[in-house]
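# Structure assessment
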Amino acid sequence: MFLTYEEFTSRADAIRARIASACAAAGRDAATVELLAVTKTHPPEAAEYAARYGLAGVGENRVQEGIEKRPQVASPLRWELIGHLQSNKARLAAQHFDRVQTVDSEKLLNHLDRAAGELGKILPVLLQINAGNDPAKFGAEPGDAPRLLEAALAKKNLRVDGLMTIAPLGATPAETAAHAARTFTNLRNLRDELTARFPAPLPELSMGMTGDLEAAVAAGSTLVRIGTALFGSR
Ligand SMILES: *Cc1c(COP(=O)(O)O)cnc(C)c1O
């Protein structure tokens, strides 16, 4: 059975407390870090709970799952695609999601821009960067980020909000923590380099999950994507 709303609120309160203490430790205002509820694999109630709690957005990993779930959720929410997107699903993603966080190639940019144009919308996107140099992870290589950003800024139907990354896991908790700190600092530094070179403020840094949100907040995350701590294991 899926968790009750009361169970959800105590989990969400606990996560907000973690965000608040990470912000306090970093000298940041907790209002500058948004909590994105990752509802993948969970029923539509998960998204309803998030909305009722006052969260603005939910994240889904798979295009098809989001398309099926969204019509079952009455509350207004921002639906974000956080999983890898193949070009052949770009049109569906542009149609059914409010933002795509996983843009990692010029080919995908081209497909999303064309689809958004045909749909008559401006689609917000994040560029996903493999800031931890994880061979198993998707995302553009940091060295390719300037070229990717330049291409993205030239797209009439896309709006580039910022960058997204996923930290690689290590063999031990200590190694995982070290990877997280390194990955998130890399993404923050890359953002600062890009904003110095290009006319784009790139305000959004989507980084941090259940296991590593503190490191992400310390490095400047503006959006933590939390699934397990809110809804239980998948
Ligand atoms: C599943 C997922 C999350 C949530 O991870 P948890 O560890 O369950 O909080 C965040 N980001 C992405 C890209 C994911 O796929």
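Described in the following lines is the structure provided in the data block. Only a predicted model underlies this, so the values are computations on that prediction, with no experimental measurement involved. (Residues numbered from 1 in each chain as written. Predicted model: local features only at pLDDT ≥ 70, side-chain atom pairs only at ≥ 80, totals over all residues. Heavy atoms only, no water.)

Take the overall build of the protein chain next. If you tally the helices and strands in the protein chain, you get nine helices and eight strands. Its C-alpha radius of gyration of 17 Å places the protein chain within 12% of the 17 Å reference for a compact globule of 234 residues. Seen along its three principal axes, the alpha-carbon backbone of the protein chain occupies a region of about 45 × 40 × 35 Å. Evaluated residue by residue, the protein chain yields a buried proportion of 53% over its 234 residues. Here the contacts in the protein chain between residues at least 6 apart in sequence split such that 59% fall between residues at least 24 apart. Taken as a whole, the protein chain presents about 10500 Å² of accessible surface, with 52% of it coming from carbon and sulfur. (Helix = DSSP H or I, 4+ residues; strand = E, 2+ residues; numbered from the N terminus. Rg over C-alpha atoms; globule rule 2.2 N^0.38 Å. Buried < 20%, exposed > 50% of the residue type's maximum accessible area, 1.4 Å probe, protein only. Contact = heavy atoms within 4.5 Å. Areas by Shrake-Rupley, 256 points an atom, 1.4 Å probe, with all protein chains shown as cover.)

Turning our eyes to something else, we now look at the site of the ligand. In the region of the ligand, 13 residues are neighbours, and Lys40, Thr210, Gly227, Thr228 and Arg234 sit closest. A distance of 2.7 Å separates an oxygen atom of the ligand from a polar atom in the side chain of Lys40. Asn61 places a polar side-chain atom, nitrogen or oxygen, 3.0 Å from an oxygen atom of the ligand. Within the complex, the protein chains bury 90% of what would otherwise be the 390 Å² of accessible surface of the ligand. (Near = heavy atom within 4 Å. Polar contact = N/O pair within 3.5 Å; in protein donor to acceptor, adjacent residues only side chain to side chain.)

This next bit is on helix 1 (residues 5-26). Turn by turn, an α-helix covers 3.6 residues, leaving residues three or four places apart pointing in a common direction. The terminal C-alpha atoms of helix 1 lie 31 Å apart, and with 22 residues this matches the ideal 32 Å at 1.5 Å per residue to within 8%. Every buried residue of helix 1 is accounted for by Tyr5, Phe8, Thr9, Ala12, Ile15, Ile19, Ala22 and Cys23. One face of helix 1 carries all of its buried residues, which in axial projection span an arc of 150°. Opposite the packed face of helix 1, turned more than 90 degrees from it, sit the exposed residues Glu6, Ala24 and Ala25. In this structure, the buried residues of helix 1 make contact with strand 1 (34-38), helix 2 (44-53), helix 8 (213-219), strand 8 (223-226) and helix 9 (228-231). Trailing helix 1 by a residue or two, Gly27 shows a phi angle of about 70°, which is positive. (Expected span 1.5 Å × (residues − 1). Arc of directions from axis to C-beta.)

Phe8, Val100, Leu112, Leu127, Ile129 and Leu230 are the most contacted members of the largest nonpolar core, which totals 71 residues. Among the elements that line this core, the one with the most residues is helix 1, at seven residues. Residues contacting Leu127, with those up to four places away along its chain left out, are Gln101, Val103, Leu148, Leu149, Ala152, Val160, Gly162, Leu163 and Met164. (Core = buried A, V, L, I, M, F, W, Y, C linked by side-chain atoms within 4.5 Å.)

Looking at the element boundaries, Gly227 is found in the loop between strand 8 and helix 9. Separated by 49 residues in the primary sequence, Gly227 and Ala178 place their C-alpha atoms 22 Å from one another. Leave out the neighbours within four places in its chain, and Gly227 touches Val38, Thr210, Gly232 and Arg234.

Another aspect to go through is the packing of aromatic side chains. For the structure shown, the criterion picks out seven aromatic pairs. Ring plane angle 25° and centroid distance 6.2 Å describe the contact between Phe2 and Phe231, whose orientation is recorded as stacked. Highlighted residues: Phe2 in the segment before helix 1 and Phe231 in helix 9, separated in sequence by 229 residues. Judged by its relative accessible area of 6%, Phe231 falls in the buried class. Both rings, one in Tyr5 and one in Tyr49, keep their centres 5.5 Å apart while their planes meet at 65°; by these two values the pair is edge-to-face. Taken together, the positions of Tyr5 in helix 1 and Tyr49 in helix 2 put the pair 44 residues apart, joining distant regions of the chain. Among the aromatic residues, those joined into a cluster by ring pairs are Phe2, Tyr5, Phe8, Tyr49, Tyr53 and Phe231. For Arg52, the ring lying beneath its charged end belongs to Tyr5, and the centroid distance is 3.8 Å. (Phe/Tyr/Trp six-rings, centres within 6.5 Å; stacked < 30°, edge-to-face > 60°. Lys NZ or Arg CZ within 6 Å of the ring centre and 35° of its normal.)

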